[in-house]
Amino acid sequence: MPDQLRIAVPNKGQLAEPASAMLREAGYRQRKDSRDLVLVDPENSTEFFFLRPKDIAVYVGEGILHAGITGRDMLLDSGAPVEEVLPLGFGGSTFRFAARGGADMKLADLQGKRIATSFEGLLEGYLGEHGIDARVIHLDGAVESSIQLGVADAVADVVSTGTTLRNAGLELFGDPILTSEAVVIRRTGFEDDPQVERLLRRLRGVLVARDYVMMDYDVHTDTLDTAVALTPGMEGPTVSPLRREGWVAVRAMVPRASAQRIMDDLWNVGARAILVTDIYACRV
Ligand SMILES: Nc1ncnc2c1ncn2[C@@H]1O[C@H](COP(=O)(O)OP(=O)(O)OP(=O)(O)O)[C@@H](O)[C@H]1O
Ligand SMILES: O=P(O)(O)OC[C@H]1O[C@H](OP(=O)(O)OP(=O)(O)O)[C@H](O)[C@@H]1O
Ligand SMILES: [Mg+2]
């Protein structure tokens, strides 16, 4: 099938499960067995390839796959000709320097030192920008142990909660090198692919359905402007007539995190029958 959309999804690690969950919410079939490497979704003319997150930018950059989900850190580390097209709001982390607790290191102290990392592309780029000449030691994982084991003087690694670093007796130093999250990537120069656009529209819909709720209420026309200012909606709220003199019904999307506060504020300006419902799916 030549016009099948081919998408790369992380097969393991921190991004695998949330990426599949998001694609499922966007209406795509996803694998049931975590050992499956390929899954065909005939309904959506899409084929999913489950690959190591670090390899995804390489596959997409070579033009074999149309798009993929990976971490921004992995995209930038790869140097592949791919671009970030949509941040997905999960897999959040920072990429940071750390050294033995109490060492009180500064960025400039890295000159001539050994720095262990799994992201040498990112690290070398940053050191180059800051004029630091250091020896980069490549490790595949568990980088935090390298200092204690005498392999490195500092590390540059992914930090989420900081628990792994603390447990290894390490301390952060310097500014964050990068702030990362899961992102959709696409090969540079393939901006107008309608199939990729459809995938992106669906994923944007999932992000909106997760972050927003639908709010309905009734309000007297005298206070309509005040109420609408509290619920401006995405493209302006819908205002419909009610079979009650002087009253209208209003419907608008509001941020999920503010819904309860907005309901209180609406009540205080005289709105009644205030209802909140989940958005199951949307295209915005
Ligand atoms: N503890 C974490 N919390 C949130 N996101 C994380 C965490 N660790 C890594 N990530 C992010 O998840 C993405 C994939 O990292 P992950 O560690 O799952 O892959 P990996 O290290 O290649 O896999 P593996 O550990 O199996 O070799 C990266 O973008 C990274 O920033
Ligand atoms: O700040 P924290 O919440 O402790 O998370 C950060 C840790 O999570 C990741 O490790 P992962 O489990 O992917 O193992 P790896 O080192 O083998 O990649 C990352 O490389 C850090 O080690
Ligand atoms: Mg990892």
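Residues numbered from 1 in each chain as written. Chains lettered and ligands numbered in written order. Predicted model: local features only at pLDDT ≥ 70, side-chain atom pairs only at ≥ 80, totals over all residues.

### A closer look at the environment of glycine 68
Right, so step 1: Tracing the backbone through its elements, the reader meets glycine 68 in strand 4 (residues 67–71).
Right, so step 2: Among the residues examined, glycine 68 registers 29 C-beta atoms within 10 Å and is labelled buried.
Right, so step 3: Considered as a pair, glycine 68 and glycine 125 are 57 residues apart in the sequence and their alpha carbons are 24 Å apart.
Right, so step 4: Once residues within four sequence positions are removed from consideration, glycine 68 is found in contact with Ile7, Ala8, Ile56, Tyr59, Val60 and Ile185. (Helix = DSSP H or I, 4+ residues; strand = E, 2+ residues; numbered from the N terminus. Buried ≥ 20, exposed ≤ 12 C-beta atoms within 10 Å, placed from the backbone. Contact = placed C-beta atoms within 7 Å.)

### Here we look at the site of ligand 2
Right, so step 1: Near ligand 2 you find Gly13, Gly141, Ala142, Glu144, Asp157, Val158, Val159, Ser160, Thr161, Gly162, Thr163 and Thr164, and these make up its full shell.
Right, so step 2: Where the shell around ligand 2 is concerned, the elements lending two or more residues are strand 9 (154–159) and helix 5 (163–167).
Right, so step 3: With three residues, the single largest contributor to the shell around ligand 2 is strand 9. (Near = placed C-beta within 6 Å.)

### So, the sheet that holds strand 5 (residues 82–87)
Right, so step 1: Pairing in this open sheet of six strands is mixed, and the strands run 2-3-1-4-11-5 from one edge to the other. Only two strands of the sheet have a single partner each, and these edge strands are strand 2 (38–41) and strand 5. Going across the sheet, the axis of each strand differs from the next one's by a mean of 30°, ignoring polarity.
Right, so step 2: Strand direction decides the pairing type here: strand 4 and strand 11 (residues 182–187), joined by five bridges, are antiparallel. Within strand 11, the residue paired with glycine 68 across the bridge is isoleucine 185.
Right, so step 3: Strands strand 1 (5–10), strand 4 and strand 11 of the sheet are contacted by helix 1 (residues 16–25), whose axis makes an angle of about 145° with strand 1. (Pairing = 2+ DSSP bridges. Axes fitted to C-alpha atoms, helices over the stretch in contact; angles between N-to-C directions.)

### So, the nonpolar core
Right, so step 1: Among the nonpolar cores identified, the biggest contains 55 residues, and Ala57, Val60 and Val155 are the most heavily contacted of them.
Right, so step 2: It is helix 2 (residues 56–61) that contributes the most residues to this core, five residues altogether.
Right, so step 3: Each of two domains, domain 1 (5–91 + 181–191) and domain 2 (93–179), supplies a minimum of three residues to this core. (Core = buried A, V, L, I, M, F, W, Y, C linked by C-beta atoms within 7 Å. Domains from an automatic or database assignment.)

### Examining unusual backbone geometry
Right, so step 1: One non-glycine residue, serine 45, lies in the positive phi region at around 45°.
Right, so step 2: One non-glycine residue with positive phi stands out, namely aspartate 104, at about 55°.
Right, so step 3: Of the residues examined, aspartate 104 has 10 C-beta atoms within 10 Å and is grouped as exposed.

### Here we look at the UniProt feature "domain: Histidine biosynthesis HisG C-terminal" (unreviewed entry) in the protein chain
Right, so step 1: Cross-referencing UniProt, the feature "domain: Histidine biosynthesis HisG C-terminal" (unreviewed entry) maps to residues 209–279 in the present numbering.
Right, so step 2: Counting secondary structure, residues 209–279 comes out at 28% helix and 41% strand; the distance between its end C-alpha atoms is 5 Å. (UniProt positions renumbered as here; feature names shortened; annotations may be inferred.)

### What to know about the sheet that holds strand 12 (residues 212–220)
Right, so step 1: Across the sheet, which stays open at both edges, the four strands sit in the order 13-14-12-15 with antiparallel pairing between neighbours. Both edges of this open sheet fall to strand 13 (238–241) and strand 15 (272–278), since each of them pairs with a single strand only. Pairs of neighbouring strands in the sheet enclose a mean axial angle of 20°, with direction left out of account.
Right, so step 2: Examined bridge by bridge, strand 12 and strand 15 share five bridges and lie antiparallel to one another. Across the sheet, methionine 214 pairs through a bridge with threonine 277, a residue of strand 15.
Right, so step 3: Contacting strand 12, strand 14 (247–255) and strand 15, helix 8 (residues 259–268) runs over the sheet at an angle of about 165° to strand 15.

### Thoughts on the environment of tryptophan 267
Right, so step 1: Within the secondary structure, tryptophan 267 is located in helix 8.
Right, so step 2: In the structure, tryptophan 267 is positioned 40 residues away from alanine 227 in sequence and 9.3 Å away in space, judged by C-alpha atoms.

### Side note on the site of ligand 1
Right, so step 1: The environment of ligand 1 is formed by 16 residues, the closest being Gly13, Gln14, Gly71, Ser93 and Ser160.
Right, so step 2: Tallied by class, residues from the shell around ligand 1 come to four nonpolar, nine polar and three charged. (Nonpolar A, V, L, I, M, F, W, Y, C, P; charged D, E, K, R; others polar.)

### A look at the environment of glutamate 17
Right, so step 1: Positionally, glutamate 17 belongs in helix 1.
Right, so step 2: Residues glutamate 17 and alanine 154, 137 residues apart in the sequence, show an inter-C-alpha distance of 31 Å.

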